[in-house]
Structures are given as C-alpha cells and as structure tokens.
Amino acid sequence: MAENRIFSGVQPTGNLHLGNYLGAVKRFVELQEKKAECIYCLVDLHAITNWQEPKDLTENTLEVTATFLACGLKEKTSIIFNQSQVKAHSELAWIFNCVARLGWMNRMTQFKEKAGKNREAASLGLYCYPALMAADILAYHATHVPVGEDQKQHLELTRDIALKFNNDFQAPDFFPVPEPIIEGTATRVMSLRDGTKKMSKSETSDMSRINLTDEIDLIAKKIQKAKTDAFEIPEKKEDLINRPEAENLLTIYASLANKSLDETLKIFCGSDFKKLKTELTDLLIDELKPLGQEIKKLLEDSAYLRKVLKEGSEKARVIADPILEETFDIIGMVK
Ligand code: AQP
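Here is what the cut-offs are and how they apply
- Numbers given to residues run from 1 along each chain, matching the order in which its sequence is written.
- The predicted nature of this model means local features are confined to residues of pLDDT at least 70 and side-chain atom pairs, given and counted, to a pLDDT of 80 or more, with totals for whole chains, interfaces and linings taken over all residues.
- Excluded from the side-chain calculation are hydrogens and water; included are all heavy atoms of the structure.
- Here a cavity denotes a set of grid points, spaced 1 Å apart and computed over the protein atoms alone, in which a 1.4 Å probe fits but from which it cannot get out, and a pocket denotes an open set meeting protein on both sides within 12 Å along at least five of seven lines; residues with an atom within 4 Å of a point are reported as lining.
- Grid points are joined across faces, edges and corners, and a volume is the space filled by probe spheres set on the points.
- Numbering goes from the N terminus for both helices and strands, where a helix is a DSSP run of H or I of at least four residues and a strand is a run of E of at least two.
- Charged residues are taken to be Asp, Glu, Lys and Arg, nonpolar residues to be Ala, Val, Leu, Ile, Met, Phe, Trp, Tyr, Cys and Pro, and polar residues to be all remaining types, Gly included.
- Remark: nonpolar core denotes a set of buried residues (Ala, Val, Leu, Ile, Met, Phe, Trp, Tyr, Cys) joined through side-chain atoms within 4.5 Å.
- A 1.4 Å probe rolled over the protein chains alone gives each residue an accessible area, and that area as a share of the maximum for its type sets the label: buried under 20%, exposed over 50%, partly exposed in between.

Glancing now at empty space enclosed by the protein. Inspection of the entire model under this criterion finds 2 cavities of 30 Å³ or more. Roughly 50 Å³ of volume is contained in the largest cavity. Every residue along the wall of the largest cavity is listed here: Met105, Met108, Gln110, Phe111, Lys114, Leu126, Tyr127, Tyr129, Pro130 and His154. Listing elements by their share of the lining of the largest cavity, those giving two or more residues are α6 (109-115) and α7 (124-138). The residue makeup of the lining of the largest cavity, split by class, is 7 nonpolar, 2 polar and 1 charged. In this model, the second largest cavity occupies a volume close to 30 Å³. Lining of the second largest cavity is provided by Arg27, Glu30, Leu31, Lys34, Ile181 and Glu183. With 3 residues, helix α1 (residues 18-33) is the largest single contributor of residues to the lining of the second largest cavity. Within the lining of the second largest cavity, the residues separate by chemical class into 2 nonpolar, no polar and 4 charged.

Once that is clear, we can look at the nonpolar core. Ranked by internal contacts, the top residues of the largest apolar core, which has 57 residues, are Leu18, Phe68, Leu284 and Leu288. With 9 residues, the top contributor of residues to this core is helix α12 (residues 273-299). Within the second largest apolar cluster, 48 residues are counted, among which are Val99, Ala100, Ala162 and Ile323.

Following this line, the structure appears as structure tokens:
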C-alpha cells in the first residue's frame, strides 16, 4: 500500500467555477507540488446521476481536463483520467452498495438537496452516489482526499464503508480509512446571488458564479452585481454572523490574496463594499485571465486532451485492477 496516496474527483457537468478552483483544484496542484502520489479523476459516472446531453458530457470532460492542465496539474506527475474508463470503479461500487446500509444513505444531505422536492423522480444513481464515491477512493487504497467542505459527509461514509468491509470480511486494514483534506480559506464558496447557497455549476443563474473561463468584463459585472447588505464591513469575524454575502466576498478575497479572514477584515473594516468589490475584481482578473486563456488554447487540441485521459486511465488501471481482484478473493468469488 502506498504511504500517502491522494485521490480526488471533479464532475464534468459544466465549466468549473471559482468554488471548484479554490476548494479543490488549487489544492490538487499544491499536493502535486509536495510530491505526493496524486490521482485526479473526472467523475463522468457521477455526472450522469443527473441528465447530461451526451454531446455536452464529451465537451465538458475535455474542458475539465483542459482546466486541470491549465491550473498546473501535470499528466506526467499526476494520474489524470475519466472514471468510466476504469471499470474497477463501477464494480467496486456494486460491492459497496451491498456493504453500505440504507440508513446511512438516507442521512446524506447532498441527495436531499439535489433531489429537491420531487425525490421520487430522482435517479437511483443519485441516491447511491456515495457508494460510487467510496469505490473511487478505495479502488486505489487512497489515504487522503482533498475536497471542498460539501463533500465531508460523503467522505465520512467512505470511511464507514472501509471499516465495515474490513470488519465483515475479517480483512483488517485491507481498505485504508482515508483522511479528508479540507484546507485553505475558501473551503465553501457561496453563490454570488445568495450567500446561503453554495456556488454550483448546476445553479440556473450564471450570475451566481464566476466560471474560470469568464471574460474579464463578465467577471467585473458579476462582482459588481454580487449581493451585499447595507452595513459597513466590520472589524471582527464574529460580526459577520448572519451576513453570509459579506462573509463570502471577504473569504474569496482572503483566499486569492493569501491572507487570513482577520487580515482581510483589517484592510476593509469601516468601508462599504465598493472598495472590496473593486479590489476583488482586480485580484480575480489577475488570477483567472491567464487561466481562461490557457484553457481556451488547450481546448483547440482535443486529440492531446484525449491522449492525456487515455494514458491516465491506463496508469489508473494498473493500480485499481489488482485491488479489485484482491477484493473479489476476500469476498470469496470464484475466478
Ligand atoms: N462552492 C464550492 N466551494 C468550495 N468547494 C467546492 N466544490 C464544489 N463546489 C464548491 C468542490 O469541488 C470539487 C468538485 O466538485 P464536483 O464538481 O464534483 O461537484 P459538486 O460538489 O456537486 O460541485 P457543483 O459545482 O455543485 O456541481 P454540480 O452543480 O454539478 O453538482 C469537490 O471537491 C467539491 O467539494
């Protein structure tokens, strides 16, 4: 078993946004730079738990690949691939569907949020998504999983599945119990239109998020129109309670400027939102303009992006297939 093996995934359900970037992809790059063994997956099987137009799924998969590379992930250093091309994910997910308990799944808040009021019409895949996520991680015996705050509960379920499997089959330590890495100032970036909702690709209003490919005029417009409140910026963090939109903009600023929230409050306390919005727009443009340009350039060479994914999935299979075979042996499947 690798000493430290990192695994994480991103759904190719649309353009990546600032939340995906600050909460996840930026962390992926930092871990790659720390020379950890990193496996980063475009989780296309998760994407189809909600309807995806086939053409969009293909385009989004290539676009997220381009985004990974533009952000600094390197195909020679990290393993970058799409989930559907490594069959161990779905096969192990079935086994974990049989290990996980209905009661555990019923507690998953993301299912409740994504299924909304019309739960009966949600796909079965959306319901058992966390078992597939557990398979994604455990198929590689991954030890650490960098994610945004929203994935914490799913990761706890992964840990429960690993422990139950090891215990049920008396295979102590076969699946490692993975640790979440939820780091950085912006582990939960909120919608620009409603500070109580997380920034999300599937939110209908494009004004609610900053996409990594947004043009600079659009970034400026979205920040200018971002919801705020009528009060001035306070001095202390505690005074941001019940001011989710103010907290969100200040947190985004802090993350981009590599400052703590306290340091950021010192800069802006006593002023209205105009100054914060202007400086935040400048920071965003500095960070995202070159990224957006690089994504667009990479997208012109889809053959290269497909090659990155193909080679990545070959490397991923070398790790996952023997672990799946061993899992079959432990369960008692005849080969
Ligand atoms: N708003 C966010 N703030 C911080 N981190 C976030 N992540 C997602 N949204 C935020 C983190 O990004 C990684 C990839 O997420 P995902 O694409 O797999 O799916 P998601 O969490 O469901 O993200 P979206 O944007 O809300 O997608 P849709 O709308 O398609 O469901 C994860 O590590 C996640 O924590």
